[in-house]
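# Reading the structure
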Amino acid sequence: TDPALIRNFCIIAHIDHGKSTLADRMLQLTGVVEDRQMRAQYLDRMDIERERGITIKSQAVRLPFTALDDETYVLNLIDTPGHVDFSYEVSRSLAACEGAILLVDAAQGIEAQTLANLYLALENDLAIIPVLNKIDLPAAQPEKYAAELANIIGCEPDEVLKVSAKTGVGVEELLNEIVGKVPPPVGEADAPARAMIFDSVYDTYRGVVTYVRVVDGRLGTRERIAMMSTGATHEMLEVGVISPEPTKVEGLGVGEVGYLITGVKDVRQSRVGDTVTSATKGASEMLAGYRDPKPMVFSGLYPIEGTDYPVLRDALEKLQLNDAALVFEPETSAALGFGFRCGFLGLLHLEITRARLEREFNLDLISTAPNVVYQVIMEDGTEHTVTNPSEFPEGKIDTVHEPMVKGTLLAPSDFVGPIMELCQGRRGVLQGMDYLSEDRVEMRYTLPLAEIVFDFFDQLKSRTKGYASLDYEPSGDQAADLVKVDILLQGEAVDAFSAIVHRDKAYSYGVEMTKKLRELIPRQHYEVPIQAAIGSRVIARENIRAIRKDVLSKCYGGDISRKRKLLEKQKEGKKRMKMVGRVEVPQEAFITALSTE
Ligand code: GTP
């Protein structure tokens with residue numbers, strides 16, 4: 001296709017503002033899906049089918065559209081990756097487009113997350129088309145929200161399109177607006193091929209399907225390709241476009257969007273942000289933007305039932321097929337048994353992974369408190385990388401370095417005070433502040449990553465009634481006064497509860513943890529001291545008093561079957577106990593004490 005007739009765009013929208021419904025109308029209007037085959041959320045349904053291994057996920061649909069000028073254009077609708085909170089991956093899929101539809105529910109107005117993605121789109125120099133959806137709703141306030149959108153992106157209120165994805169009103173006009181406002185792709189047709197990977201998914205039947213946007217040159221079917229970040233070469237088995245079913249083509253030229261199948265079995269060999277080129281006449285320079293996914297947050301994942309360990313291992317391997325950023329290695333904990341130390345891009349990534357393991361693989365898991373990676377330099381000059389608090393070295397420590405992030409917070413200006421208070425409490429340093437409009441402010445902080453991995457998001461949401469959004473990116477390391485706090489039961493450290501914290505917070509961590517555990521661990525036949533300690537120095541202590549628990553004393557008389565039942569019940573209860581030294585700790589205590597709430 002002539003690049004002048006191509007328009008690549010994406011839709012930025014908050015959940016439920018109507019992205020899937022709008023895509024449905026576009027499929028229908030362009031005749032890609034016939035009316036009688038139409039079903040709600042066509043592309044989403046394909047997603048479900050893909051999970052069953054039937055079709056390929058449609059990350060980019062090609063829509064032929066005859067515009068007002070009677071030319072037939074190719075509109076490529078590029079979907080942002082499922083895990084939208086990974087700003088790096090979102091920014092890669094935005095980089096594959098020249099324009100973005102900013103879709104906002106006319107009864108709700110713009111939401112914080114949408115705004116963060118809008119800024120990413122602006123950073124990528126995309127043409128923005130502001131659109132209000134659901135104008136058919138009685139509660140819609142199109143005038144009010146058109147003014148808000150116009151103010152944020154700096155256009156006139158009457159430039160904001162008004163559509164109903166449900167009824168189809170205004171959708172054709174929107175397609176014409178895309179043709180008129182989104183610039184066509186530019187690239188060098190005769191240069192060596194360069195294509196950017198904006199998503200890659202593992203398909204049971206076809207191996208890894210890689211979604212690319214060609215920038216320069218051409219990728220043909222009968223060609224070996226090379227990944228520029230690693231130099232690895234692969235045979236090309238298929239090149240195609242999605243419209244809306246996967247359709248083979250001979251090749252993809254400048255500005256075109258499609259998929260490649262190379263027989264690669266592992267998404268880590270086909271990573272988002274990497275540049276694909278020809279293996280024989282390769283380009284010399286990569287497209288900007290590739291970043292090796294680097295795990296930032298670690299947590300131990302343990303099956304509640306020890307026998308589930310092999311299931312957990314298989315499940316992690318399966319998820320890794322579709323998630324290049326997930327890393328894991330076996331780990332044993334004296335308290336929790338066999339499990340895995342897992343590395344994630346951030347907290348949300350951790351939560352999503354954990355939820356998928358539990359839901360899709362039917363696992364019950366305990367995850368240890370998330371922690372970041374520390375560099376510990378000893379007085380004798382040796383250096384340790386610590387991804388698990390229990391590995392924190394003993395002996396004379398010179399300095400401990402922790403990872404820092406640059407955080408950008410957006411919120412209504414009413415919340416400046418509470419946000420500052422929160423960030424300062426988390427050792428944040430304010431770097432700058434700008435008013436984006438009269439009542440919306442952007443604040444920039446440097447913060448230790450460790451301070452935001454815990455409950456920062458929850459705190460931020462509750463202090464700002466859900467209106468603030470946070471985006472952050474890594475920004476090097478910094479030395480800090482950090483210590484390891486151990487929790488001891490009857491003098492024995494419980495590895496799962498060890499934490500690396502700032503010295504100023506060590507005491508409150510110790511007090512909180514010992515208190516929590518005193519509530520959670522039932523009384524035993526002997527007294528159990530619970531202590532928090534830094535090295536050999538105890539900083540907090542609680543006691544669980546001894547009791548004599550005799551379940552049979554409740555049974556007066558000689559009902560033998562009732563006695564047997566009680567004994568069996570007690571045995572059942574024991575199974576769900578973990579022994580820590582001589583102390584029986586119920587499984588529940590670990591789960592509750594380690595949960596982030
Ligand atoms: P996610 O897939 O969850 O991210 O949501 P989405 O943004 O794709 O929204 P979706 O298209 O699923 O629409 C959310 C709800 O809004 C659905 O119940 C739609 O039927 C409804 N909806 C979408 N567009 C319109 C519209 O123009 N008018 C009305 N009245 N309802 C709409």
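Residue positions are given per chain, counting from 1 as you read along its sequence in written order. The predicted origin of the model limits local features to residues at a pLDDT of at least 70 and limits the giving and counting of side-chain atom pairs to 80 or more, whereas totals for whole chains, interfaces and linings rest on all residues. Side-chain measures were taken over the full set of non-hydrogen atoms in the model, leaving aside hydrogen atoms and water.

As recorded in an unreviewed UniProt entry, the protein chain goes by Elongation factor 4 and comes from Spinactinospora alkalitolerans. UniProt positions are given in the numbering used here, feature names are shortened, and annotations may be inferred rather than shown by experiment. Quoted straight from UniProt, the Subcellular location (unreviewed entry) entry for the protein chain says "Cell membrane".

### Side note on the pattern of salt bridges
Just to be clear on terms, a salt bridge is a Lys or Arg side-chain nitrogen sitting within 4 Å of an Asp or Glu carboxyl oxygen. Overall, the coordinates contain 22 salt bridges when judged by the stated rule. Across the salt bridge formed by Glu238 and Arg206, the nearest N and O atoms sit 2.5 Å from each other. Here the residue Glu238 occupies a position in strand E12 (residues 238-242), and Arg206 occupies one in the loop between strand E7 (194-203) and strand E8 (207-216), the gap between them amounting to 32 residues. Type-normalised accessible area, obtained with a 1.4 Å probe on protein chains alone, sets the label of each residue: buried when under 20%, exposed when over 50%, and partly exposed for intermediate values. With relative accessibility at 7%, the residue Glu238 sits in the buried group. Taking relative accessible area as the criterion, Arg206 reaches 31% and is therefore assigned partly exposed. The shortest N-O distance in the salt bridge between Lys484 and Asp486 comes to 3.4 Å. Residue Lys484 shares its accessibility class with Asp486, and that shared class is buried. Overlapping salt bridges bring together Glu402, Arg427, Glu451 and Lys505 as one network. Helix numbering and strand numbering both begin at the N terminus, where a helix is a DSSP run of H or I of at least 4 residues and a strand a DSSP run of E of at least 2.

### Section: a nonpolar patch on the surface
By definition, no residue in a patch forms a salt bridge, and every one has over 30% relative accessible area; like charges are joined within 9 Å, nonpolar side chains (Val, Leu, Ile, Met, Phe, Trp, Tyr) within 5 Å. Each accessible area is a Shrake-Rupley result for a 1.4 Å probe, and residues are judged covered by the shown protein chains and nothing else. A cluster of nonpolar side chains, Leu430, Met433 and Tyr435, forms an exposed patch at the surface whose accessible area comes to about 270 Å². Looking at the element boundaries, Leu430 is found in strand E24 (residues 429-437).

### Focus on the UniProt feature "binding site: GTP" (unreviewed entry) in the protein chain
Within the UniProt annotation, "binding site: GTP" (unreviewed entry) is assigned to Asp16, His17, Gly18, Lys19, Ser20, Thr21, Asn133, Lys134, Ile135 and Asp136. Following the sequence through the fold, Lys19 ends up in helix H1 (residues 19-29). Judged by relative accessible area, Lys19 falls into the partly exposed class, the value being 25%. Take Asn133: it is sitting in strand E5 (residues 127-133). By relative accessible area, Asn133 is classed as buried at 2%. Any two residues whose heavy atoms approach within 4.5 Å are treated as being in contact. Non-local contacts of Asn133, meaning those with residues more than four positions away in its chain, are made with His17, Gly18, Leu103, Val104, Asp105, Ala106, Val163, Ser164 and Ala165.

### Things to note about the sheet that holds strand E6 (residues 161-162)
Taken together, six strands build an open sheet; the order of strands is E2-E3-E1-E4-E5-E6 and the sheet is mixed. Across the chains shown, the open sheet's two edge strands, defined by having one partner strand only, are strand E2 (60-66) and E6. One requirement defines pairing of two strands: DSSP has to find at least two bridges between them. Here strand E1 (residues 6-13) pairs with strand E3 (residues 72-78) via five bridges, running parallel. Counterpart to Ile6 in the pairing with E3 is Val74. Note on geometry: axes are C-alpha line fits, over the in-contact stretch for helices, and angles between N-to-C directions span 0 to 180 degrees. This element, H1, spans E1, E2, E3 and strand E4 (99-105) of the sheet and lies at about 150° to E1.

### So, the packing of helix H9 (residues 416-425) against helix H11 (residues 456-463)
Across the interface, H9 lies against H11 with an axial gap of 10 Å and an inter-helix angle of 160°. By the angle class used here, H9 and H11 are roughly antiparallel. Pair H9 / H11 crosses with right-handed handedness. Contact residues: H9 offers Pro418, Ile419, Glu421, Leu422 and Cys423, while H11 offers Phe456, Gln459, Leu460 and Arg463. Classification used: nonpolar for Ala, Val, Leu, Ile, Met, Phe, Trp, Tyr, Cys and Pro, charged for Asp, Glu, Lys and Arg, polar for all others including Gly. Here the residues of the contact of H9 with H11 sort into six nonpolar, one polar and two charged. Oblique is the label for every angle not falling under 35 degrees (roughly parallel), over 145 degrees (roughly antiparallel), or within 65 to 115 degrees (roughly perpendicular). Two helices cross in a left-handed way if the nearer one is turned anticlockwise from the farther one by less than a right angle. They cross in a right-handed way if the turn is clockwise.

### Some thoughts on the packing of aromatic side chains
The relation between two aromatic rings is expressed through the spacing of the ring centres and the mutual angle of the planes. Here is the rule: rings of Phe, Tyr and Trp (six-membered ring for Trp) pair when centre to centre is within 6.5 Å. Planes less than 30 degrees apart are stacked, more than 60 are edge-to-face, and the remainder are tilted. Within this structure, the stated rule accounts for four aromatic pairs. Centre to centre, the rings of Phe198 and Tyr211 are 6.3 Å apart; their planes meet at 45°, and the pair counts as tilted. Residue Phe198 is located in strand E7, and its partner Tyr211 is located in strand E8; the two are separated by 13 residues in the primary sequence. Following the ring pairs from residue to residue traces out a cluster consisting of Tyr309, Phe328, Phe338 and Phe340.

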